[in-house]
Amino acid sequence: GENVEQHPSTLSVQEGDSAVIKCTYSDSASNYFPWYKQELGKGPQLIIDIRSNVGEKKDQRIAVTLNKTAKHFSLHITETQPEDSAVYFCAASIGNTPLVFGKGTRLSVIA
Amino acid sequence: EADIYQTPRYLVIGTGKKITLECSQTMGHDKMYWYQQDPGMELHLIHYSYGVNSTEKGDLSSESTVSRIRTEHFPLTLESARPSHTSQYLCASSEDRGPMSQYFGPGTRLLVL
């Protein structure tokens, strides 16, 4: 089955700097790659997603890139703010199967 | 904003008690899921359902059971709670077609003494 690896597990950045979280997947048939943000005491919330027929997608300060050949995808957050501090999860899925999640990255933005 | 609800939000119970964690969604989604989230953050899929009267076990072996009698409702039951069941339980749902974007509830934090 699919396996998703996520790095790093913790990340600290200065406010205003960029943050990058990377994920790799094992099954080349995976075709959907969402990213979730989980704040303290809440469930994960979808922040951005990308499909296998797209290489890059951007939404304001966040962007996701996908390299199908290398089977990896990344989340980029620019101009980080304290409210970006949270746990971020990547995930991958094949067709109709449930999402397979990475183990999460705890991002701390230091003011 | 997704409309998916979980009750209770927090629960402290003694060993051996039977408990049911409630999850409901108002989006008409056929697909629903239960995850167990350990303190190390990782999400473990324990049950899922692709529609009424359909339930499947997830990747993580669990002593819990689920039922899906109505589209909007997907309760999870522990017949005899143990301290090892202490965790956060997250419910999610997703649309029937297209990408499998999942919408999560706020979670139930369970403590078994």
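Going by the structure above, here's the rest.
To keep things clear, this report deals only with the structure shown in the data block.

Rules used in this analysis
Residues numbered from 1 in each chain as written. Chains lettered and ligands numbered in written order. Predicted model: local features only at pLDDT ≥ 70, side-chain atom pairs only at ≥ 80, totals over all residues. Heavy atoms only, no water. Helix = DSSP H or I, 4+ residues; strand = E, 2+ residues; numbered from the N terminus. Rg over C-alpha atoms; globule rule 2.2 N^0.38 Å. Buried < 20%, exposed > 50% of the residue type's maximum accessible area, 1.4 Å probe, protein only. Contact = heavy atoms within 4.5 Å. Areas by Shrake-Rupley, 256 points an atom, 1.4 Å probe, with all protein chains shown as cover. Lys, Arg positive; Asp, Glu negative; His and termini not counted. Charge placed at Lys NZ, Arg CZ, Asp CG, Glu CD. Pairing = 2+ DSSP bridges. Core = buried A, V, L, I, M, F, W, Y, C linked by side-chain atoms within 4.5 Å. Polar contact = N/O pair within 3.5 Å; in protein donor to acceptor, adjacent residues only side chain to side chain. Phe/Tyr/Trp six-rings, centres within 6.5 Å; stacked < 30°, edge-to-face > 60°. Lys NZ or Arg CZ within 6 Å of the ring centre and 35° of its normal.

As for the overall build of chain B
Scanning chain B for helices and strands turns up 0 helices and 11 strands. Seen in sequence order, chain B has helices and strands lined up from the N terminus as β-β-β-β-β-β-β-β-β-β-β. What you see for chain B is a C-alpha radius of gyration of 13 Å, in line with the 13 Å of a compact globule of 113 residues. Overall, the C-alpha framework of chain B stretches about 40 × 30 × 25 Å when taken along its three principal axes. Looking at chain B residue by residue over its 113 residues, the buried ones come to 46%. Partitioning the contacts of chain B with sequence separation of at least 6, the portion at a separation of at least 24 is 54%. For chain B, the exposed area adds up to about 5400 Å²; of that, 50% sits on carbon and sulfur atoms. Averaging the coordinates of the 10 positive side-chain charges in chain B and doing the same for the 13 negative ones gives two points 6 Å apart.

Regarding the pairing of strand 11 (residues 105-110) of chain A
A regular strand places its side chains on the two faces of the sheet in alternate fashion. Residues and elements named next belong to chain A. Only one face of strand 11 is covered, namely the face carrying T105, L107 and V109; the face carrying R106, S108 and I110 is uncovered. As paired elements, strand 2 (residues 10-14) and strand 11 share 5 bridges and run parallel to each other. Its bridge partner being in strand 11, Q14 is matched across the sheet by I110.

Looking at the nonpolar core
Residues and elements named next belong to chain A. In this structure, W35, F73 and L107 are the most contacted members of the largest nonpolar core, which totals 23 residues. Among the secondary structure elements, those contributing two or more residues to this core are strand 2, strand 3 (19-25), strand 4 (32-38), strand 5 (45-51), strand 7 (62-67), strand 8 (72-77), strand 9 (86-92) and strand 11. For F73, the contacting residues outside a window of four places in its chain are I21, K22, C23, Y25, F33, W35, T65, L66, C90 and A91.

Observations regarding the side chain of B:Q6
Residue and element names in this part refer to chain B. When you line up the elements, Q6 lands in strand 1 (residues 4-7). Overall, the relative accessible area of 3% leaves Q6 in the buried class. There is a polar contact of 3.0 Å between the side chain of Q6 and the backbone oxygen of Y89. Within polar-contact distance, the side chain of Q6 engages the backbone nitrogen of G107 at 2.9 Å.

Quick word on the packing of aromatic side chains
Residue and element names in this part refer to chain B. Tallied over the entire structure, the rule returns 13 aromatic pairs over all chains. Between Y33 and Y48 the ring centres are 6.5 Å apart and the planes differ by 25°, which places this aromatic pair in the stacked class. Of this pair, Y33 sits in strand 4 (residues 31-37) while Y48 sits in strand 5 (residues 43-51); the two residues are 15 residues apart in sequence, bridging distant segments of the chain. Both residues of the pair, Y33 and Y48, count as buried. Judged by centre distance (5.4 Å) and plane angle (55°), the rings of Y48 and Y50 are tilted. Using a relative accessible area of 17% as the deciding quantity, one classes Y48 as buried. Sitting above the plane of the Y50 ring, K31 keeps its charged end 5.0 Å from the centroid. The ring centre of F74 lies 5.8 Å from the NZ or CZ of R68, which sits over that ring.

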